[in-house]
Amino acid sequence: MSANDDLTQLWMVPYADLMSTLVLLFMSLFAYSYSNRTPEYDRVLAKIEQEVSTKKDSQAAKDRLEETEIAVQMKKDLDGLALKDFGVQVDSHYVRLTLPSPVLFTTGSAKLAPEAATLLTALAKLLARSPNPVLVEGHTDDTPIAGGRFRTNWELAAGRSFSVIEYFISLGLPPDRFHARGYGEHHPAAPNTTPEGRARNRRIEISLIRDIHREGSSK
């Protein structure tokens with residue numbers, strides 16, 4: 001090979017680097033979208049999975065489709081209630097609903113507000129469609145507790161989780177489906193340096209645990 005041939009092929013070096021960079025970029029974007037997908041997107045994936053599944057895997061595919069249908073209906077129902085700052089997220093482990101605490105509780109209290117009944121009753125009907133475990137997680141901002149029933153934000157967050165679960169049980173959902181966690185201010189969704197950030201951190205997360213990641217199951 002001549003020197004001229006070597007020179008004419010030098011363009012392949014930066015071209016190969018560019019192609020490698022683009023592949024990494026698209027893989028990163030796909031991974032991000034797959035792990036933070038909307039309920040509607042996940043339902044499409046579940047329908048495709050059900051269509052191509054074998055007879056052996058058909059029940060698992062059917063169950064996953066039902067989970068995504070619940071997520072889509074959950075989002076639709078909440079849209080109808082015109083709530084602010086809620087979110088429904090689907091990934092391979094959870095169908096997770098995030099609600100700002102003021103929707104369910106008054107400040108510093110773990111007693112459900114009267115208006116919480118409408119929302120939780122609608123959610124209970126959706127959760128009843130699946131036998132999957134349900135995880136309820138309470139979060140607060142970092143404002144110290146000043147007096148009252150609870151000594152720490154941990155206790156307040158846990159108390160709120162138990163209040164939500166007790167309401168679901170009162171509507172007939174099996175108690176053994178539920179798990180409660182109280183994180184206090186230790187799992188913030190935003191910095192506690194602004195009123196907006198603290199408002200985002202005061203939240204309740206209700207998660208339907210999907211079959212491939214049962215809460216408390218062994219690996």
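A brief report on the enclosed structure follows. The structure presented is a predicted model; accordingly, all values stated were derived computationally and were not measured.

### Considering the pairing of strand β5 (residues 203-209)
- When you tally the buried positions in β5, you get seven out of seven residues, the bulk of the element.
- Of the two faces of β5, the one carrying R203, E205, S207 and I209 and the one carrying I204, I206 and L208 are both buried.
- With seven bridges joining them, strand β2 (residues 94-100) and β5 adopt antiparallel strand pairing. Among the inter-strand pairings, V95 is bridged to a residue of β5, identified as L208.
- In this structure, strand β3 (residues 134-139) lies alongside β5, joined through six bridges in antiparallel fashion.

### Some words on the packing of helix α5 (residues 116-127) against helix α6 (residues 153-170)
- One way to put it is that α5 packs onto α6 with a least axis distance of 10 Å and a crossing angle of 65°. Taken as a pair, α5 and α6 cross one another with a handedness that is right-handed. Between α5, through A117, L120, T121, L123, A124 and L127, and α6, the contact on the second element is made entirely by V164, Y167 and F168.
- Considered class by class, the residues forming the contact of α5 with α6 number eight nonpolar, one polar and no charged.

### So, the pattern of salt bridges
- Applying the stated criterion to the full structure yields five salt bridges.
- Here E155 and R151 are joined by a salt bridge, their closest N and O atoms 2.9 Å apart.
- Taking relative accessible area as the criterion, E155 reaches 27% and is therefore assigned partly exposed.
- With relative accessibility at 69%, the residue R151 sits in the exposed group.
- Of the charged contacts, one joins R203 and E205 as a salt bridge, the two residues approaching to 3.0 Å between their closest N and O atoms. Like E205, R203 is buried.
- Salt bridges sharing partners connect three or more residues here, namely R96, E137, R203 and E205.

### Remarks on the environment of L123
- Relative to the helices and strands, L123 resides in helix α5.
- Judged by relative accessible area, which is 4%, L123 ranks as buried.
- A C-alpha to C-alpha distance of 9.8 Å links L123 and L97, two positions 26 residues apart in sequence.

### Quick word on the sheet that holds strand β1 (residues 87-90)
- Reading across the sheet, the five strands line up as β1-β2-β5-β3-β4 and stay open at both edges, with mixed pairing between neighbours. In this open sheet, the two edge strands, each paired with only one partner strand, are β1 and β4 (178-184). Adjacent strand axes in the sheet meet at a mean angle of 15°, parallel and antiparallel pairs treated alike.
- For β3 and β4, the ladder comprises six bridges, and the chain directions are parallel. Among the inter-strand pairings, V134 is bridged to a residue of β4, identified as F178.
- Packing of α6 onto the sheet brings it into contact with β3, β4 and β5, and relative to β4 it is tilted by some 155°.

### Here's the deal with the nonpolar core
- By size, the foremost hydrophobic cluster in this structure holds 27 residues, and its most contacted members are L104, L123, V164, F168 and I206.
- Only α4 (58-80), β1, β2, α5, β3, α6 and β5 provide two or more residues apiece to this core.
- Broken down by element, the residue count for this core peaks at seven residues, all from α5.
- Excluding its chain neighbours within four sequence positions, the residues that come into contact with I206 are V95, R96, L97, L120, L123, V134, L135, V136, V164 and F168.

### What about α6?
- Taking 1.5 Å as the rise per residue, α6 with 18 residues should run 26 Å; its terminal C-alpha atoms sit 26 Å apart, in good agreement.
- Within α6, burial applies to N153, L156, A157, G159, R160, S161, S163, V164, I165 and F168.
- Buried residues in α6 make contact with α5, β3, β4 and β5.
- Trailing α6 by a residue or two, G172 shows a phi angle of about 105°, which is positive.

### Things to note about the packing of aromatic side chains
- Under the definition given, this model contains one aromatic pair.
- Ring geometry for F168 and F178: centres 5.7 Å apart, planes at 15°, overall stacked. Of this pair, F168 sits in helix α6 while F178 is found in strand β4, placing the two residues ten residues apart along the sequence. Neither residue differs from the other here; F168 and F178 are each classed as buried.
- A cation over an aromatic ring shows up here: R96 above the ring of Y94, its NZ or CZ 4.6 Å from the ring centre.

Analysis parameters
Residues numbered from 1 in each chain as written. Predicted model: local features only at pLDDT ≥ 70, side-chain atom pairs only at ≥ 80, totals over all residues. Heavy atoms only, no water. Buried < 20%, exposed > 50% of the residue type's maximum accessible area, 1.4 Å probe, protein only. Helix = DSSP H or I, 4+ residues; strand = E, 2+ residues; numbered from the N terminus. Pairing = 2+ DSSP bridges. Axes fitted to C-alpha atoms, helices over the stretch in contact; angles between N-to-C directions. Left-handed = near helix turned anticlockwise from the far one by under 90°. Contact = heavy atoms within 4.5 Å. Nonpolar A, V, L, I, M, F, W, Y, C, P; charged D, E, K, R; others polar. Salt bridge = Lys/Arg side-chain N within 4 Å of Asp/Glu carboxyl O. Core = buried A, V, L, I, M, F, W, Y, C linked by side-chain atoms within 4.5 Å. Expected span 1.5 Å × (residues − 1). Phe/Tyr/Trp six-rings, centres within 6.5 Å; stacked < 30°, edge-to-face > 60°. Lys NZ or Arg CZ within 6 Å of the ring centre and 35° of its normal.

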